[in-house]
Amino acid sequence: MARDSSVAVVVLGDLGRSPRMQYHTLSLVEQAGKEVHVVAYGGTQPHASLVHNSRVHLHALPTLVDFVGGLVPLERLPKPLVMIVKALFQVFVLLYALLVRVPGVGFVLLQTPPCIPTFAVCKLACLLKRSELVIDWHNFGYTLLALNLSQDHPLVSIAESYERLLGKLGDYHLCVTRAMRKELETNWGVMKAQVLYDRPPQFFQPLSYSELHSLFVKLSKDFAEPMHVRDCCCTDNGGANGSLSTRSASARTLFTEKQREASGGTSIVQVA
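Residues numbered from 1 in each chain as written. Predicted model: local features only at pLDDT ≥ 70, side-chain atom pairs only at ≥ 80, totals over all residues. Heavy atoms only, no water.

Draft legend 1. Spotlight on helix α7 (residues 154-166). Spanning 13 residues, α7 covers 18 Å between terminal C-alpha atoms, matching the ideal 18 Å at 1.5 Å per step. Of all the residues in α7, the buried ones are Val156, Ala159, Tyr162, Glu163 and Leu166. The arc that holds the buried residues of α7, viewed along the axis, is 125°, so those residues lie on one side. For α7, the exposed residues lying more than 90 degrees away from the buried face are Pro154, Ile158 and Leu165. Where α7 is buried, its residues touch β4 (107-112), α5 (118-129), β5 (132-137), α6 (141-148) and α8 (178-188). (Helix = DSSP H or I, 4+ residues; strand = E, 2+ residues; numbered from the N terminus. Expected span 1.5 Å × (residues − 1). Buried < 20%, exposed > 50% of the residue type's maximum accessible area, 1.4 Å probe, protein only. Arc of directions from axis to C-beta. Contact = heavy atoms within 4.5 Å.)

Draft legend 2. Highlighting unusual backbone geometry. Here the bond from threonine 112 into proline 113 is cis, since omega is 0°, no more than 30 degrees from zero. Within the element layout of this structure, proline 113 appears in the loop between β4 and α5. If you check the backbone angles, arginine 130 has positive phi at about 55° while not being a glycine. Tracing the backbone shows arginine 130 in the loop between α5 and β5. The exposed category is assigned to arginine 130, whose relative accessible area is 67%. The phi torsion at lysine 192 lies on the positive side, around 60°, for a residue other than glycine. The exposure class of lysine 192 is exposed, given its relative accessible area of 70%.

Quick look at the structure:
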C-alpha cells in the first residue's frame, strides 16, 4: 500500500463520542479516497458507515483500567499520581499502535485535547515513519485540566508549557472557529490554521412523520409524569396511539397538532 494513500486518525478518547473525527474519517475515505487507520479507545459504537467500511481499520487502545484490572485501586490513589501513571501508560500503548500496528501512512490526523501525551508521541511516530502531523484543535487541553485540579496547580502550568511548545510542531493545523484560529496565531505562534466547520454527513436526514410520531410516543411515556415539583408536564399523552404532539388515526394516517399560536385544529399527513 502506498504511503500517501493512507492516513492515521488518532483519538485518545471514545471514537463513538467524537462525531467530528468520525466525519473526518468518512471524508478521507469517500472524498479523498484514502485508506484510514483509526487509533482510538473503544466504548460507544461508531457509526455503521465506519464499522462496515472495508477502507476503515479500527485499532482499539487498551485502557489503564483494562491493564491493571482490579489489582490496583486507582480511585484510591491521589489524582495527580493517577494522571501521571495514565500518561506514561498511554505513551507506550499509543507508540506501539502507531509504530507497529499501523502501517506506513502519509499523514497522522490528531484530535486535541487531550494533548498529553499525544503531541509528543504522534510527532515522534511521524519523524520515525516520515509522516506529516495534522493537529485538529478542538479546545486547549490545559484549561480542561485546570477544571479537574485548579488554575494555579503546578501540573496545569507544566501542561500549558508543554502544549504551547509542542503544539507548534504540527505540520498542518485545523481548528473549529475563527476565534480559535486568531488565538492560535496571536498567542500560540501557530500560523495558518485552517478553520473547518462541522457539517453533518449524508446519513443525517430529517425524520419522517412516522419516525417523529414513534419518537414522540416514546418520549411521552418517559416524560408524561413530572419528575420534580417544579416540572411542567401534561399527563395526557394522547392515548395508546398518540403523544402530546401527534396522534395516529390509522397505520397510514398521522395527525400532527399545530402550534398554539396557529389558528387551531389539526393537520393530517399521509404517511407513505
